[in-house]
Amino acid sequence: MGVPEESADRADGGAAADLLGQVTARDPAVGLSAVVALRRLLEELERLHVDNARDQGWTWQSIATALNVSRQSVHEKHASRRKATGKES
């Protein structure tokens, strides 16, 4: 059986609280480690939402506008990954 939804929410909240504590730490090693974790999280969120948008028919331009970047930059970053996984022709 899976983890009950309420428990999963607490676990996610605990991880977020841990990360918040790291981000605000005065120890540079802890703070910089948190920056790395946040970058990884942001990259994963971007991949997830770009995939969702493309799967729902969004154009590269629409995604770029939403991300406040150029169409070329978002296409270069994500199109080859999507092609390699069969999500893009």
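Residues numbered from 1 in each chain as written. Predicted model: local features only at pLDDT ≥ 70, side-chain atom pairs only at ≥ 80, totals over all residues. Heavy atoms only, no water.

**Q** How do you make sense of the overall build of the protein when you look at a structure like this?
**A** Along the protein, the regular secondary structure elements total four helices and zero strands. Its helices and strands in sequence order give the protein the pattern α-α-α-α, from N to C terminus. Looking at the protein as a whole, 16% of its 89 residues qualify as buried. Counted over contacts in the protein with a minimum sequence separation of 6, partners at least 24 positions apart contribute 33%. Surface exposure of the protein reaches about 6,700 Å², of which carbon and sulfur atoms provide 56%. (Helix = DSSP H or I, 4+ residues; strand = E, 2+ residues; numbered from the N terminus. Buried < 20%, exposed > 50% of the residue type's maximum accessible area, 1.4 Å probe, protein only. Contact = heavy atoms within 4.5 Å. Areas by Shrake-Rupley, 256 points an atom, 1.4 Å probe, with all protein chains shown as cover.)

**Q** What is the right way to look at the pattern of salt bridges in this model?
**A** Side chains that differ in charge, positive against negative, can pair when their charged atoms come close. Considering all chains together, one arrives at nine salt bridges under this definition. Ionic pairing is found between Lys77 and Glu43, a salt bridge with its closest N-O pair at 3.1 Å. Placement of Lys77 in helix α4 (residues 71–84) and of Glu43 in helix α2 (residues 28–55) is noted, with a sequence separation of 34 residues between them. (Salt bridge = Lys/Arg side-chain N within 4 Å of Asp/Glu carboxyl O.)

**Q** Hey, could you run me through the side chain of Asp51 in this one?
**A** Within the secondary structure, Asp51 is located in helix α2. With relative accessibility at 9%, the residue Asp51 sits in the buried group. There is a polar contact of 3.3 Å between the side chain of Asp51 and the side chain of Lys87. Not counting residues within four places of it along the chain, the set of residues in contact with Asp51 comprises Arg81, Arg82 and Lys87. (Polar contact = N/O pair within 3.5 Å; in protein donor to acceptor, adjacent residues only side chain to side chain.)

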